[in-house]
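Understanding the architecture of this molecule
Residues per chain are reported as follows:
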Amino acid sequence: MTNQSAKTGGELLAEALAIHGTEIAFGVPGESYLALLDALVGGSIRFITCRQEGGAAMMADAYGKLTGRPGVAMVTRGPGATNAAAGVHIAFQDSTPMILLVGQVARDMRDREAFQEVDYRQMYGALAKWVAEIDDARRIPEYLNRAFHTATSGRPGPVVLALPEDMLSERVAPPPAVDRYAPLEAAPTPAAMADLHRRLAAAERPLALLGGGGWDAESLARVRAFAEAADLPVAASFRCQDYLDNRSACYVGHVGIGINPALAARVKEADLLLVVGARLGESTTAGYTLVEPPRPRQQLIHVYPQAEELNRVYDADLGIVSDVKAFARALGDLAPLDGSRWAAHRAAARADYEAHIEPLPVPGALQMADIVRWLAETLPEDAILANGAGNYTTWVHRFFPYRGWRTQLAPTSGSMGYGAPAAVAAKAVHPDRPVIAFAGDGCFMMHGQELATAAQYGLGILVIVVDNGMYGTIRMHQEREYPTRVSGTDLRNPDFAALAAAYGAHSARVERTEEFFPAFETAMAEAEAGRPALLHLIIDPEALTPVQSLSQIREKALGAA
Ligand SMILES: Cc1ncc(C[n+]2csc(CCOP(=O)(O)OP(=O)(O)O)c2C)c(N)n1
Ligand SMILES: [Mg+2]
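Bear in mind that the values here come from a model prediction, so they are computed numbers and not experimental data.

All right, on to the overall build of the chain then. Scanning the chain from terminus to terminus reveals 22 helices and 20 strands. For a compact globule of 561 residues, the expected C-alpha radius of gyration is about 24 Å, and the chain comes in at 24 Å, within 12% of that figure. In terms of overall dimensions, the chain has C-alpha extents of about 80 × 60 × 45 Å along its principal axes. Considering the chain as a whole, with its 561 residues, one finds that 58% of them fall into the buried category. Residue pairs at least 24 apart in sequence account for 76% of intrachain contacts in the chain once pairs closer than 6 positions are excluded. Per element, the accessible surface of the chain, about 21200 Å² overall, is 51% carbon and sulfur. The centroid of the 50 positive side-chain charges in the chain is displaced by 3 Å from the centroid of its 65 negative side-chain charges.

Structural data, given as structure tokens:
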């Protein structure tokens, strides 16, 4: 190369990522993007080498959730890109800013179905907010500028950029760099806020519901102050339980899977729903029954950062296109509301919530509710709890009072396996905070190999595997729909403690509630010293839900048949 100042596409890409604030990238290497990997050598971006691209993409999602900035994952073409899909889907459904960089075949081989070639625009068309392929290294600053803005503006979400191999290695005269991205913000109009104030002031049984992307701790503190001043009951949408400190007298519970029936009734009977940031998806609305499309019975004020989402499913009485941060600021400017009319309603809803999180005894020697309540008392406030999908999540979601923004990492897409990789990313972002992943025996096997990543980088996470020897959630549905006909849901598991030990993690087997407490203390001491740990909890298969045993679910279904 004669031109000394020329740079490779990989170098320009690494520079652009650094300009936009990327500190960590999660990935699995591939020969399709060697020039990008090369550009990371000696640079400011830390590359965390993962064991499967799904885990890498989930880590990028968790990074995006924790920092509010796009999490970056790097994967190879074909199999790498297809493995990463679950993480991109999570980021889409959770409105998480994320950028997935995918190696691609060389430009002169495109459209021949060359080795591992995939058309990412088609493949990721329905899973990502934006998909593009960068054909010209000189346009990298332009594409990255758009990628960071697209991932963070309006409804945040994942962006996929395909990178032809020869584009990454080509040397070009560096184009002018761009400044660091600054997400754009839509704010509510004064007229909309005045309308909101009028409607709230006239309500008898209002209920606020928080969820979705784009929040930060400061905005949520503003919402909390507004709610507490107005005595307004506030609920969390599915898996957004850490948005409002659950100890606030205004917090009335989780509108998600396993909803408190008393809260479900209150959502239905509310005369005004103030929904901020949440889409009102299937899980939050109990299959579109608590709030019925297209004309809910409740008066609906829907605040959302993207106009297209408003009036898409629900015809709102007042739709407000606004970023949640700007909306939270505007709430602070409203004239005070007199909450005396609904104060008793709020207090009753709060009492229902408090009763609902009291542990209930279940079959067996291991009582998950007691363990989770003990954890809530023992863990510092900033501890981060991650999980994937399965009935084991019910114990955490129901009995753990979340106390701060982003102390919960849980996918609304219900993607199994998310807990362990999310915990790895959380520990990389917040080395000083305790990070605990909950996983089922089924869930852990999906991305549990990222324990090796935790061990490699000295990331002291604790994974709590709740082992009931089955894909419990599906068995539950099976017993409801096809009682006694067990099909495809039994699991014969490895010895999880031995498996963790093989990864270099500290581990222990726990069969009784009282064994958990000392085992936890030892595991956390190991984790604090930078060694990942795993506790293998054996739970009675009968203890399938906090309220109904497996046999009770079966008997009920047989009785109804
Ligand atoms: C990736 C993925 N595959 C399948 C499912 C369907 N699914 C939901 S929960 C579940 C079982 C989870 O089993 P486990 O982790 O052992 O938890 P348990 O329900 O037994 O507590 C399955 C298979 C899913 N949500 N995600
Ligand atoms: Mg299980």
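A word on a nonpolar patch on the surface. A surface patch of nonpolar side chains, amounting to about 260 Å² of accessible area, comprises Met446, Tyr471 and Ile474. Residue Ile474 is classed as partly exposed on the basis of its relative accessible area of 48%.

Attention shifts here to the nonpolar core. Formed by 89 residues in total, the largest nonpolar core has its most connected members in Phe26, Tyr124, Met368, Leu375, Phe516 and Phe520. It is helix H3 (residues 53-67) that contributes the most residues to this core, eight residues altogether. Counting contributing residues per domain, this core is built from domain 1 (7-172) and domain 3 (368-560), each supplying no fewer than three. In this view, Tyr124 contacts Ala81, Ala84, Ala85, Val88, Leu100, Val131 and Val160; residues no more than four positions away in its chain are not counted. Judged by nonpolar contacts, the second largest core, of 39 residues, contains Ala230, Ala236, Phe327 and Trp342.

Right, let's talk about the coordination of the magnesium ion (ligand 2) for a bit. The protein atoms that coordinate the magnesium ion (ligand 2) are Asp441 (OD), Asn468 (OD1) and Met470 (O), at distances spanning 2.0 to 2.2 Å. Of note, the magnesium ion (ligand 2) draws all its donor residues from one chain, in the sequence arrangement D-x26-N-x1-M. Note on accessibility: Asn468 and Met470 belong to one class, buried.

Along the chain, Asp94 falls in the loop between helix H5 (85-93) and strand S5 (98-104). Owing to a relative accessible area of 9%, Asp94 belongs among the buried residues under this scheme. Setting aside anything within four residues of it in sequence, one finds Asp94 in contact with Lys65, Gly213, Ala410, Pro411, Thr412 and Ser413.

This brings us to the site of ligand 1. Lining the immediate environment of ligand 1, one finds 17 residues, of which Asn391, Gly414, Asp441, Cys443 and Gly472 sit closest. The contact in question runs from an oxygen atom of ligand 1 to an N or O atom on the side chain of Asp441, over 2.6 Å. Separating an oxygen atom of ligand 1 from a backbone N or O atom of Met470 is a distance of 3.0 Å. Surface burial for ligand 1 is 76%, taken as the share of its 580 Å² of free accessible area covered by protein chains. Elements with a contribution of two residues or more to the shell around ligand 1: helix H17 (441-447) and helix H19 (472-481). The element that contributes the greatest number of residues to the shell around ligand 1 is H17, accounting for four residues. Class assignment for the residues of the shell around ligand 1 results in eight nonpolar, eight polar and one charged.

Attention shifts here to the packing of helix H10 (residues 217-230) against helix H12 (residues 324-332). Describing two packed helices takes the angle between their axes plus the distance from one axis to the other. Closest axis-to-axis distance for the H10/H12 pair is 9 Å, and the angle between their directions is 35°. Two packed elements cross with a definite hand, and for H10 against H12 that hand is left-handed. Contact residues: H10 offers Ser219, Arg222, Val223 and Phe226, while H12 offers Lys325, Ala328, Arg329 and Leu331.

One open sheet accounts for six strands, arranged S16-S15-S17-S18-S20-S19; its pairing is parallel. The open sheet terminates on both sides in strands that have one partner only, identified here as strand S16 (408-409) and strand S19 (506-510). Across two bridges, strand S15 (residues 384-387) lies against S16 in parallel orientation. Its bridge partner being in S16, Leu385 is matched across the sheet by Gln408. Seen against the sheet, helix H21 (residues 513-528) touches strand S17 (435-440), strand S18 (462-467), S19 and strand S20 (533-538) and runs at an angle of roughly 175° to S19.

As a further point, take helix H9 (residues 190-201). Between its terminal C-alpha atoms H9 stretches 16 Å, which fits the 16 Å expected from 12 residues at 1.5 Å a residue. All buried positions along H9 are accounted for by Ala192, Met193, Asp195, Leu196, His197 and Leu200. On its buried face, H9 sits against strand S9 (206-210), H10, strand S12 (272-276), strand S13 (299-304), strand S14 (318-321) and H12.

Evaluated as defined, the whole model comprises 35 salt bridges. Across the salt bridge formed by Glu170 and Arg107, the nearest N and O atoms sit 2.8 Å from each other. Taken together, the residues span a long stretch of sequence, with Glu170 in the loop between helix H8 (165-169) and strand S8 (171-172) and Arg107 in the loop between S5 and helix H6 (120-123) at a distance of 63 residues. Assessed through its relative accessible area of 28%, Glu170 is described here as partly exposed. Among the residues examined, Arg107 registers a relative accessible area of 24% and is labelled partly exposed. The closest approach of N and O atoms between Arg279 and Glu309, which form a salt bridge, is 3.9 Å. A residue pair is termed long-range when its members are at least 10 positions apart, and Arg279 in the loop between S12 and S13 and Glu309 in the loop between S13 and S14 qualify at 30 residues. A relative accessible area of 26% places Arg279 in the partly exposed class.

Moving on, we get to the packing of aromatic side chains. Applying the stated criterion across every chain yields a total of 14 aromatic pairs. When the ring of Phe148 is compared with that of Tyr181, the centres are 5.3 Å apart and the planes differ by 40°; the resulting orientation is tilted. Residue Phe148 is located in helix H7 (residues 140-152), and its partner Tyr181 is located in the loop between S8 and H9; the two are separated by 33 residues in the primary sequence. Here Phe148 matches Tyr181 in class, with each residue buried. When the centroid spacing of 5.1 Å and the interplanar angle of 65° are considered together, the rings of Phe400 and Tyr402 count as edge-to-face. On the basis of relative accessibility, which here comes to 4%, the residue Phe400 falls in the buried class. Note that Arg155 overlies the ring of Phe92, its terminal NZ or CZ placed 5.1 Å from the centroid.

Rules used in this analysis
Residues numbered from 1 in each chain as written. Chains lettered and ligands numbered in written order. Predicted model: local features only at pLDDT ≥ 70, side-chain atom pairs only at ≥ 80, totals over all residues. Heavy atoms only, no water. Helix = DSSP H or I, 4+ residues; strand = E, 2+ residues; numbered from the N terminus. Rg over C-alpha atoms; globule rule 2.2 N^0.38 Å. Buried < 20%, exposed > 50% of the residue type's maximum accessible area, 1.4 Å probe, protein only. Contact = heavy atoms within 4.5 Å. Areas by Shrake-Rupley, 256 points an atom, 1.4 Å probe, with all protein chains shown as cover. Lys, Arg positive; Asp, Glu negative; His and termini not counted. Charge placed at Lys NZ, Arg CZ, Asp CG, Glu CD. Patch = residues over 30% accessible without salt bridge, like charges linked within 9 Å, V, L, I, M, F, W, Y side chains within 5 Å. Salt bridge = Lys/Arg side-chain N within 4 Å of Asp/Glu carboxyl O. Core = buried A, V, L, I, M, F, W, Y, C linked by side-chain atoms within 4.5 Å. Domains from an automatic or database assignment. Donors = N, O, S within 2.8 Å, 3.2 Å for Na, K, Ca; no water. Near = heavy atom within 4 Å. Polar contact = N/O pair within 3.5 Å; in protein donor to acceptor, adjacent residues only side chain to side chain. Nonpolar A, V, L, I, M, F, W, Y, C, P; charged D, E, K, R; others polar. Axes fitted to C-alpha atoms, helices over the stretch in contact; angles between N-to-C directions. Left-handed = near helix turned anticlockwise from the far one by under 90°. Pairing = 2+ DSSP bridges. Expected span 1.5 Å × (residues − 1). Phe/Tyr/Trp six-rings, centres within 6.5 Å; stacked < 30°, edge-to-face > 60°. Lys NZ or Arg CZ within 6 Å of the ring centre and 35° of its normal.

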